[in-house]
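Understanding the architecture of this molecule
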Amino acid sequence: MEDRITEAVRKVALGYSLEEVTEEYGVENGELVLVKRRETRKDVPPDLKAVKLLLEDKDYAALSDEELETEKLKLLAQLREEQT
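Calculation rules
- Residues numbered from 1 in each chain as written.
- Predicted model: local features only at pLDDT ≥ 70, side-chain atom pairs only at ≥ 80, totals over all residues.
- Heavy atoms only, no water.
- Helix = DSSP H or I, 4+ residues; strand = E, 2+ residues; numbered from the N terminus.
- Rg over C-alpha atoms; globule rule 2.2 N^0.38 Å.
- Buried < 20%, exposed > 50% of the residue type's maximum accessible area, 1.4 Å probe, protein only.
- Contact = heavy atoms within 4.5 Å.

Within the protein, the secondary structure is distributed over three helices and two strands. For the protein, the sequential pattern of α-helices and β-strands runs α-β-β-α-α. Since a compact globule built from 84 residues should have a radius of gyration of about 12 Å, the 21 Å found for the protein marks it as more spread out than a globular shape. Projecting the C-alpha coordinates of the protein onto the three principal axes gives extents of approximately 75 × 25 × 20 Å. For the protein, buried positions account for 6% of its 84 residues. At a minimum sequence separation of 6, the contacts of the protein that also span at least 24 residues come to 48%.

Structure representation (structure tokens):
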């Protein structure tokens with residue numbers, strides 16, 4: 001369960017896109033008929049509060065310079081991956 005929460009916070013921290021489908025129906029000859037269908041894509045921007053939560057979860061002060069650089073590169077790669 002905790003892994004799912006962490007992944008959800010990470011998703012919000014990095015930003016994401018979602019697809020929404022809206023359908024409207026009308027009655028024609030006593031039957032429901034699809035009148036209008038609209039598909040939209042919403043881009044949710046990164047949330048700084050979620051970023052802060054992720055960063056507070058790790059003790060960066062205890063990491064060496066090399067470990068910090070590795071963590072930085074990993075986070076940058078995740079950002080690039082999420083943006084594609």
